[in-house]
Amino acid sequence: MTALTITRAHFKDQMLQHLRAPGYLVPTLAMPAMFFFLFQGGGESTVGNTFTMASYMMWAILAVAFFQFGVGIASERSTPWESFLRTLPLPPLLRLAGRLLAAMVFAVVAAAIVVAVSYLTTPISMAADRWVPLAAALLAGGFTMAFAGIAIGYWFSPKAAQPVATMAWLLLAYLGGLWAAPSNLPAWTENIAPYLPTRLWGNITWPAVLGDTTTLTTSLTTTASLTDWLGLAGYAVLFAALAVWGYQRDEGTNYA
Amino acid sequence: MFIAELDNVGKHYGTVEALKDVDLRVEKGELVALLGPNGAGKTTAVNILLGQRRPDKGTARLFGRNPTKPAARTPVGVTPQQTAFPQNLKVREVVGLVQAHYPDTPSGKHLLDRFGLADLEGRSAGGLSGGQQRRLALALAFAGNPKAVFLDEPTTGVDVEARHNLWTGINSFVDAGGTVLLTTHYLEEAEALASRIVVIHHGSIIAEGSVSEITASVGLSQVRLRADHLPELANADRIEHNNGIKVIYTADPDALVQELAAAGVQFVGLEITRAGLEDAFLTLTGGGQ
């Protein structure tokens with residue numbers, strides 16, 4: 001019953017529960033890859049395709065952070081089973097750690113499906129030395145958005161969490177420039193979009209995947225600026241604070 | 001040191017006073033039944049003892065420690081509420097998940113066997129029948145070799161034979177030095193198991209003692225008879241009509257019978273018995289909830 005044993009048990013619990021609900025899991029994991037295939041696949045510019053592949057990987061990870069992780073917390077936190085688990089000698093953070101580890105596995109799977117579909121359907125040029133920076137960029141943004149997922153999970157009721165997460169997922173993808181490159185977005189978005197967490201995340205991820213080869217658009221630099229990293233870190237702190245606040249508020253409502 | 005202790009505990013929910021200055025102490029080897037109508041404060045008292053809620057005033061201790069610290073709950077087993085099991089986990093996996101939190105556990109097979117669940121370990125926990133879910137709930141309370149268990153309605157919905165087996169199991173746990181805090185609506189269960197009854201009503205403890213002490217303190221007798229019509233009876237506490245039989249609850253059966261005779265009531269089949277725990281409970285809590 002060390003912290004490790006407990007975390008492993010909750011990781012296994014989450015993995016089993018999700019793997020046995022394929023009707024929910026498969027669409028969540030496959031949808032970003034499907035949209036890539038339907039709307040983006042087959043483009044001629046390998047640089048453009050690679051850029052888009054990275055965008056859809058972010059979108060896929062965002063889906064896991066919001067739906068499987070965030071909405072999962074919202075729908076389970078007030079169930080009698082979760083109340084029973086609270087009576088065990090279980091530090092609440094270890095249950096969360098088990099959830100987070102399971103979400104990370106599914107995020108990797110969702111992103112890998114995007115990569116597989118991209119390579120199978122579209123000309124991609126990805127230098128071998130780009131995978132590590134790409135993984136680092138995806139991980140940084142993935143954690144930031146996982147904090148946002150926890151915040152959604154604790155601030156919204158089980159019923160509200162799903163539509164709220166869906167709306168945030170779609171808006172953040174569109175304005176962030178994950179569907180269409182930022183330079184192709186309507187002019188009115190210019191007042192908000194550059195400050196959104198998905199845009200900052202993209203600003204870090206796109207250069208990571210394209211390296212020095214890019215001349216894709218004038219709005220993109222080939223290296224992420226320090227401002228992008230700081231901005232994303234700021235969002236991570238903000239979302240983590242909202243998550244902790246939401247958690248304490250929920251404790252206060254149900255367990256004070 | 002007490003196994004579980006509430007020391008002058010008060011708790012509000014908004015303007016509702018759920019507990020008022022409650023003192024409750026459970027000693028090692030006791031089987032205490034906490035009884036009360038719905039909303040009386042039983043659940044709040046148990047939740048505070050298990051660290052699920054914080055008291056507004058007073059202190060709660062579990063094995064001498066603060067129950068909101070997860071490690072303080074290690075020697076305690078708890079039954080989950082009915083129909084609470086995850087749909088997608090097998091019985092064996094539910095047991096494994098719970099056992100991962102304890103340093104010393106019986107083998108899962110042995111545990112399931114003890115609660116008559118040996119054939120069900122591969123079944124979906126959410127798909128068990130009501131009685132099977134109750135038995136699994138009880139098995140989970142004992143999954144970590146506890147020194148004390150908190151049982152909530154342990155045998156509701158279980159058939160008679162299984163119920164008596166479970167009661168035997170609970171009794172042998174107590175005989176071996178274990179401690180039980182039981183909350184139940186099923187008074188026969190409290191009567192069969194409890195070494196001490198605590199009755200809680202409107203957030204306060206209103207009676208406390210062994211089953212016979214509680215029934216004696218209420219001092220209620222049951223007078224049963226057949227009669228067509230009963231007049232107003234000064235000595236009757238409460239009257240129930242049961243298929244033509246009148247059941248009269250009274251503190252003074254002698255005076256009641258004299259009153260009946262004086263009023264010229266034509267009755268047959270007179271029986272007088274000391275009222276049971278259920279009758280005492282209804283009287284203490286103002287009858288019929």
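1. Comments concerning the overall build of chain B
Link 1 in the chain: When its secondary structure is counted, chain B shows nine helices and 13 strands.
Link 2 in the chain: When the backbone C-alpha atoms are referred to their principal axes, chain B occupies close to 70 × 45 × 35 Å.
Link 3 in the chain: Buried positions account for 42% of the 289 residues belonging to chain B.
Link 4 in the chain: Residue pairs at least 24 apart in sequence account for 66% of intrachain contacts in chain B once pairs closer than 6 positions are excluded.

2. Description of the overall build of chain A
Link 1 in the chain: Across its full length, chain A carries nine helices and zero strands.
Link 2 in the chain: Over its C-alpha atoms chain A spans a radius of gyration of 19 Å, differing by no more than 12% from the 18 Å that the globule rule assigns to 256 residues.
Link 3 in the chain: Its C-alpha atoms put chain A at 55 × 35 × 30 Å along the principal axes.
Link 4 in the chain: Across the 256 residues that make up chain A, the buried fraction comes to 41%.
Link 5 in the chain: Long-range contacts, defined here as pairs at least 24 residues apart, represent 85% of the contacts in chain A between residues at least 6 apart.

3. So, the interface of chain B and chain A
Link 1 in the chain: The interface of chain B with chain A comprises 24 residues on the first partner and 20 residues on the second.
Link 2 in the chain: At four residues, the largest contribution of residues to the side of chain B that touches chain A is made by helix α2 (residues 91-99) of chain B.
Link 3 in the chain: Here the residues of the side of chain B that touches chain A are counted per class, giving 14 nonpolar, six polar and four charged.

4. Focus: the domain arrangement of chain B
Residues and elements named next belong to chain B.
Link 1 in the chain: Domain assignment breaks chain B into domain 1 (4-213) and domain 2 (216-284).
Link 2 in the chain: Put simply, the middle of domain 1 and the middle of domain 2, counted by C-alpha atoms, are 37 Å apart.
Link 3 in the chain: The interface of domain 1 with domain 2 comprises twelve residues on the first partner and seven residues on the second.
Link 4 in the chain: Put simply, the parts of the chain that give the side of domain 1 that touches domain 2 at least two residues each are α6 (187-193), β8 (196-201), β9 (204-209) and α7 (211-218).
Link 5 in the chain: Within the side of domain 1 that touches domain 2, the residues separate by chemical class into seven nonpolar, three polar and two charged.

5. What to know about the sheet that holds β8 of chain B
Residues and elements named next belong to chain B.
Link 1 in the chain: Taking strand neighbours across the sheet as the criterion, the six strands line up as β5-β6-β7-β3-β8-β9 in an open arrangement whose pairing is mixed. The open sheet has two edge strands with one neighbour each: β5 (76-78) and β9. Sheet twist, expressed as the mean angle between neighbouring strand axes with direction ignored, is 15 degrees.
Link 2 in the chain: Summarising the sheet, strand β3 (residues 31-35) and β8 pair through four bridges and their orientation is parallel. Bridge pairing links Leu-34 to Val-198 in β8.

6. Details of the pairing of strand β11 (residues 236-242) of chain B
All names here are of chain B.
Link 1 in the chain: Sheet analysis places β11 next to strand β12 (residues 245-250), joined by six bridges and oriented antiparallel. Along β12, the bridge assignment pairs Glu-240 with Val-247.
Link 2 in the chain: Hairpin connection of β11 to β12: two residues between the antiparallel strands, including Asn-243 at a positive phi of 50 degrees.

7. Considerations on the sheet that holds strand β4 (residues 57-62) of chain B
Residue and element names in this part refer to chain B.
Link 1 in the chain: Reading across the sheet, the three strands line up as β2-β1-β4 and stay open at both edges, with antiparallel pairing between neighbours. Each edge of the open sheet carries a strand with a single partner, namely β2 (16-26) and β4. On average, each strand axis in the sheet is tilted by 25 degrees relative to the strand beside it, whichever way the strands run.
Link 2 in the chain: Of the pairings in the sheet, the one linking strand β1 (residues 4-13) to β2 comprises seven bridges and is antiparallel in character. For Leu-6, the partnering residue across the bridge sits in β2 and is Leu-24.

8. Considerations on the packing of helix α7 (residues 158-176) of chain A against helix α8 (residues 197-210) of chain A
Residues and elements named next belong to chain A.
Link 1 in the chain: Where α7 meets α8, the axes come as close as 8 Å, and the angle between the chain directions of the two elements is 50 degrees. Judged by the inter-axis angle, α7 sits oblique to α8. Between α7 and α8 lies a crossing whose hand is right-handed. For the pair α7 and α8, the contacting residues are Leu-172, Ala-173 and Gly-176 in the first and Thr-198, Arg-199 and Gly-202 in the second.
Link 2 in the chain: Its residues placed into classes, the contact of α7 with α8 shows two nonpolar, three polar and one charged.

9. Here's the deal with the nonpolar core
If you look at soluble globular proteins, the nonpolar side chains tend to sit buried side by side.
Link 1 in the chain: Residues Ala-139 and Leu-182 of chain B are the most contacted members of the largest nonpolar core, which totals 85 residues.
Link 2 in the chain: A domain split of this core shows at least three residues from each of domain 1 (4-213) and domain 2 (216-284) of chain B.
Link 3 in the chain: In contact with Ala-139 of chain B, not counting residues within four places along its chain, are Val-95, Leu-111, Leu-112, Phe-115 and Leu-117 of chain B.
Link 4 in the chain: The next biggest cluster of nonpolar side chains, apart from the first, holds 61 residues, and it includes Ala-60, Ala-63, Tyr-235 and Tyr-247 of chain A.

10. Overview of the confidence of the model for chain A
Residue and element names in this part refer to chain A.
Link 1 in the chain: The predicted model of chain A has a mean per-residue pLDDT of 88, with 92% of residues at 70 or higher.
Link 2 in the chain: Mean pLDDT values for the elements of chain A range from 88 in helix α9 (residues 226-255) up to 95 in helix α1 (residues 3-19).
Link 3 in the chain: Contacts for the low-pLDDT stretch residues 214-219, under 50 throughout, to residues beyond four places or in other chains number ten contacts.

11. Section: the pairing of β9 of chain B
Residue and element names in this part refer to chain B.
Link 1 in the chain: Strand direction decides the pairing type here: β8 and β9, joined by five bridges, are antiparallel. Note that in β9 the partner of Val-198 across the bridge is Glu-208.
Link 2 in the chain: Connecting β8 to the antiparallel partner β9 that follows it, the hairpin turn spans two residues, and His-202 within it adopts a positive phi of roughly 50 degrees.

12. Considerations on unusual backbone geometry
All names here are of chain B.
Link 1 in the chain: Positive phi, close to 40 degrees, is recorded for Asp-21, a residue that is not glycine.
Link 2 in the chain: Among the secondary structure elements, Asp-21 is positioned in strand β2.
Link 3 in the chain: A positive phi is found at Asn-243, a non-glycine position, where the angle reads about 50 degrees.
Link 4 in the chain: Classification of Asn-243 by C-beta neighbours within 10 Å gives exposed; the count is 5.

About the cut-offs
The residue numbering used here restarts from 1 in each chain and proceeds along that chain's sequence as written. Chain letters start at A and ligand numbers start at 1, both assigned in the order the entries are written. Only residues with pLDDT of at least 70 get local features here, since the model is predicted, and only at 80 or more are side-chain atom pairs given and counted; chain-wide, interface and lining totals rely on the full set of residues. A run of H or I in DSSP becomes a helix once it reaches four residues, and a run of E becomes a strand once it reaches two; helices and strands are each numbered from the N terminus. Any residue whose C-beta has 12 or fewer other C-beta atoms within 10 Å is treated as exposed, any with 20 or more as buried, and any in between as partly exposed, C-beta atoms being built from the backbone. Each residue is represented by a C-beta atom placed from its backbone, and any two residues with such atoms within 7 Å are regarded as in contact. Each radius of gyration reported is based on C-alpha atoms, and the globular scaling rule is 2.2 Å times the count of residues to the power 0.38. Three classes are used: nonpolar for Ala, Val, Leu, Ile, Met, Phe, Trp, Tyr, Cys and Pro, charged for Asp, Glu, Lys and Arg, and polar for all others, with Gly counted as polar. For every domain, the bounds stem from an assignment made automatically or drawn from a database. The criterion for strand pairing is that DSSP finds at least two bridges linking the strands in question. Axis geometry follows a simple rule: fit a line to the C-alpha atoms, using only the stretch in contact for helices, then measure angles between N-to-C directions, giving values from 0 to 180 degrees. Note that the term roughly parallel is reserved for angles under 35 degrees, roughly antiparallel for angles over 145, roughly perpendicular for angles of 65 to 115, and oblique for everything else. By definition, any crossing whose near helix is turned counterclockwise from its far helix by less than a right angle is left-handed, and any crossing with a clockwise turn is right-handed. As used here, a nonpolar core is made of buried Ala, Val, Leu, Ile, Met, Phe, Trp, Tyr and Cys residues. They are joined through C-beta atoms within 7 Å. Confidence scores per residue from the predictor, reported as pLDDT, run from 0 to 100.

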